[in-house]
Amino acid sequence: FPEGHSLNPFFVGSYELGDELGAGGYGFVMTARHRIEGFEVAVKFIIKDKVPAHAWVEDESFGRIPSEIMIMSLLEHDNIVRCLDIFEDSRYFYLVSCFSFRNR
């Protein structure tokens, strides 16, 4: 994270960050652990300034968000990573994901 950057306090209160898993053109992914329930998640930090103009959508609940977040929040399938939570700050959107183990 850039020097002096403050993460969303609600995110920090819920999750403890771990290791970086990878990085790409729009951001990076880190592991995290839920502070109360203890389960592990992947958190994709999407850099707002890197999202192209055509990749934004308007959502009634969240306002202007990257289309990736909109799509992931709507998907619900046992074989697709599930969106658990969405956070944001001045620089990033945070897409918190885990695998669905229903029916297994």
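Everything that follows concerns the structure shown earlier in this document.
Let us look at the structure shown here. If you're wondering where the values come from, they're calculated on a predicted model, not measured in any experiment. (Residues numbered from 1 in each chain as written. Predicted model: local features only at pLDDT ≥ 70, side-chain atom pairs only at ≥ 80, totals over all residues. Heavy atoms only, no water.)

This part covers the pattern of salt bridges. A complete count under the given rule lists 2 salt bridges for this structure. Glu68 is the salt-bridge partner of Lys44, the closest N and O atoms lying 2.8 Å from each other. Residue Lys44 is located in strand S3 (residues 40-47), and its partner Glu68 is located in helix H2 (residues 67-74); the two are separated by 24 residues in the primary sequence. For Lys44, a relative accessible area of 27% corresponds to the partly exposed category. The exposure class of Glu68 is partly exposed, given its relative accessible area of 31%. (Salt bridge = Lys/Arg side-chain N within 4 Å of Asp/Glu carboxyl O. Helix = DSSP H or I, 4+ residues; strand = E, 2+ residues; numbered from the N terminus. Buried < 20%, exposed > 50% of the residue type's maximum accessible area, 1.4 Å probe, protein only.)

In the sheet, strand S4 (residues 56-59) pairs with strand S5 (residues 63-66) via 4 bridges, with the strands oriented antiparallel. What sits directly across from Glu58, in S5, is Arg64. The hairpin formed by S4 and S5 contains 3 residues between the paired strands. (Pairing = 2+ DSSP bridges.)

What follows deals with the environment of Ser97. Looking at the element boundaries, Ser97 is found in strand S7 (residues 92-98). For Ser97, a relative accessible area of 9% gives the class buried. C-alpha of Ser97 to C-alpha of Gly22: the two residues are 75 residues apart in sequence and 15 Å apart in space. Those residues in contact with Ser97, other than ones at most four positions away along the chain, are Val41, Ala42, Val81, Arg82, Cys83 and Leu84. (Contact = heavy atoms within 4.5 Å.)

Nothing here speaks to function; it is all geometry.
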